[in-house]
Amino acid sequence: MAQIAGAFCVPHIPLIASKPVVADKAQREKVFAAFAHIRERVLELGIDTAIIIGDDHYTVFGPHCLPSMLIGVGDIDGPYEDWLGHEKAPIPSNPELAGHIMQYGFEHGFDWAVGKTLTVDHSVFVPYLKIVKETGRDIRTIPVYIAAGVMPLIRPRRCVELGAMIGEAVAAYPGDERVAIIGTGGLSHWVGAARMGEINEDFDHAILDMIKRRDIDAILRFTDEEVLNESGNGALEYRNWLVAMGAVKQYDYELLCYEPIHGWVTGTALVELKVANA
Amino acid sequence: MSIGTIEKILWEFGEDSAKVEAFLSDPDGYLAQHPLSEEEFSMLRRMDFVAMDAYGVSNLLTMMVWQTLNGGSELMLFDYLKRMNKGNLPNNFQIPWPGFIAIRGFVAVRNAWMRLLSLLGVKKILT
């Protein structure tokens, strides 16, 4: 029987792939050491499929079509952005499990959009690169996109419900996959806004503490206006992390790294949500 | 006449370089093809990012567009941020001062050069 055996929350900062050196050396080394630790954990846990929760940045989708939630069920490749400095290439996928999760969602009140093919942007590509590809193993990827970057935004409560549904769908799958769910994105950061480069460490520590306690209700009390004003448009990506939290009912929190990295314009954290009985 | 139409125009610049060229060669004519109010036309014609921000246009798009319209130069991000901050460029990135001064110098010299090319009729610029 399939199970979610691992859960992580990580950044998807494009500069990690395109130009990591603009970050302070000591800080970026801590981040890369944390990614290396996650890769070790992925191998230790026997993960064979990674469900990566990303959000579009007006890259993959345009104003003509903005899905609230979308799953990629077929061939995938990436990255979409040529400026990431990585040649677009196929990303091994798991269409059987992805199709099952899609169908399970349809039958449980999640009328999500579906990508029969999908070219992923940095929000999925960077975690794929650092956690999946760099293991050098045959680990497959299922991309899920939620509207956490471009208005109108998915409601945070729905993200928790989506995560819970994904967890149930994996548990109901007849295969023996060992799945990691990876919430991606930044903590505080202003993307393209006048305050770009600022970081609100107080917000970052506050939300990390809520994640540590799995205090979803506290996180859901944030209003979008509060987050936008105090922590930037990029911080709205905490929704991606909520999906991962929703998929794992009980976990032990381990903060692998937190760094306010101005060169990468983001409060940067890597977290493992250690799944009970994995 | 909506934020959606503005965002469509900006998004298409990232998707189709021919549209960038068409816009730069005849901004008024290009924008006239779209259903824009006077206010929307004006903010796009002037690339008034502060006005677009207040109007609700996505910062993700405006940031991308200014670099695209300026040949994809990464350093033009700083010119964009200067525009977003009404002519001031705060060092939120905590870049060491020699480097930050060099960036500010690049932006100033590049903008002066582009204005000169515009005066000579060699290149059209968005003002």
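Quick caveat, the model's predicted, so the values are computed rather than measured. (Residues numbered from 1 in each chain as written. Chains lettered and ligands numbered in written order. Predicted model: local features only at pLDDT ≥ 70, side-chain atom pairs only at ≥ 80, totals over all residues.)

### Comments concerning the overall build of chain B
Just so we agree on the cut-off: Going along the chain from the N terminus, every DSSP run of H or I of four or more residues is numbered as a helix, and every run of E of two or more is numbered as a strand. In this description the radius of gyration comes from C-alpha coordinates, and the expected globular size is given by 2.2 Å times residues to the power 0.38. To sort residues by burial, count the other C-beta atoms lying within 10 Å of each one's C-beta; a count of 20 or more means buried, 12 or fewer means exposed, and anything in between means partly exposed. C-beta atoms are built from the backbone. A pair of residues counts as a contact when their C-beta atoms, built from backbone coordinates, are within 7 Å of each other.
If you tally the helices and strands in chain B, you get eight helices and zero strands. In chain B, the succession of α and β elements from N to C terminus is α-α-α-α-α-α-α-α. Computed over C-alpha atoms, the radius of gyration of chain B comes to 15 Å, within 12% of the 14 Å expected from 2.2 N^0.38 for 127 residues, which places it in the range of a compact globule. For chain B, the spread of C-alpha atoms along the three principal axes comes to 45 × 35 × 25 Å. Looking at chain B residue by residue over its 127 residues, the buried ones come to 23%. Intrachain contacts of chain B at a sequence separation of at least 6 include 55% that bridge at least 24 residues.

### Details of the overall build of chain A
The number of helices and strands found in chain A is nine helices and nine strands. The globule rule puts the C-alpha radius of gyration for 278 residues at 19 Å, and the 17 Å found for chain A is close to it. Each principal axis of the C-alpha distribution contributes one length, and for chain A these read about 45 × 40 × 40 Å. Counting across all 278 residues of chain A, residues that qualify as buried make up 56%. Within chain A, residue pairs in contact and separated by at least 24 positions form 85% of the contacts whose partners lie at least 6 positions apart.

### What to know about helix 9 (residues 238-247) of chain A
Where burial is concerned, most of helix 9 of chain A is hidden: 10 out of the 10 residues are buried. Along helix 9 of chain A, the residues that are buried comprise A:Tyr238, A:Arg239, A:Asn240, A:Trp241, A:Leu242, A:Val243, A:Ala244, A:Met245, A:Gly246 and A:Ala247.

### Quick look at the packing of helix 7 (residues 76-84) of chain B against helix 8 (residues 97-119) of chain B
All names here are of chain B. Quick reminder of the rule: In this description, a line fitted to the C-alpha atoms serves as the axis of each element, helices being fitted only across the stretch in contact, and the angle between N-to-C directions of two axes falls anywhere from 0 to 180 degrees. Roughly parallel covers angles under 35 degrees, roughly antiparallel covers those over 145, roughly perpendicular covers 65 to 115, and oblique covers all other angles. Put simply, Ala, Val, Leu, Ile, Met, Phe, Trp, Tyr, Cys and Pro go in the nonpolar bin, Asp, Glu, Lys and Arg in the charged bin, and everything else, Gly too, in the polar bin.
Relative orientation of the contacting elements helix 7 and helix 8 amounts to 85 degrees, with a least axis distance of 9 Å. When the axes of helix 7 and helix 8 are compared, the pair comes out roughly perpendicular. Residues Phe78, Asp79 and Lys82 of helix 7 form the contact with helix 8, whose own contacting residues are Ile103, Val107 and Asn111. Within the contact of helix 7 with helix 8, the residues separate by chemical class into three nonpolar, one polar and two charged.

### Re the interface of chain A and chain B
Each partner contributes to the interface: chain A provides 19 residues, whereas chain B provides 16 residues. Residue composition of the side of chain A that touches chain B, grouped by class: nine nonpolar, eight polar and two charged.

### Some thoughts on the confidence of the model for chain B
Applicable threshold: One number per residue, pLDDT, summarises how confident the predictor is, and it ranges from 0 to 100.
Residue-level pLDDT values for chain B average 91, and 99% of them are 70 or greater. Reported for the predicted complex are a pTM of 0.96 and an ipTM of 0.92.

### Observations concerning the nonpolar core
Where we set the bar: A set of buried residues drawn from Ala, Val, Leu, Ile, Met, Phe, Trp, Tyr and Cys, joined through C-beta atoms within 7 Å, is what defines a nonpolar core.
The biggest cluster of nonpolar side chains holds 113 residues, and the ones touching the most others in it are A:Ala7, A:Ile51, A:Ala180, A:Ile181, A:Ile182 and A:Ala244. Not counting chain neighbours up to four residues away, the residues in contact with A:Ile181 comprise A:Ile4, A:Ala7, A:Ile51, A:Ile166, A:Ala244 and A:Ala247.

### A look at helix 7 of chain B
Residues and elements named next belong to chain B. When helix 7 is considered as a whole, its buried residues turn out to be Met76, Phe78, Asp79, Tyr80, Leu81 and Met84. Packed against the buried residues of helix 7 are helix 5 (49-55), helix 6 (59-69) and helix 8. At the exit of helix 7 stands Lys86, carrying a positive phi of roughly 55 degrees.

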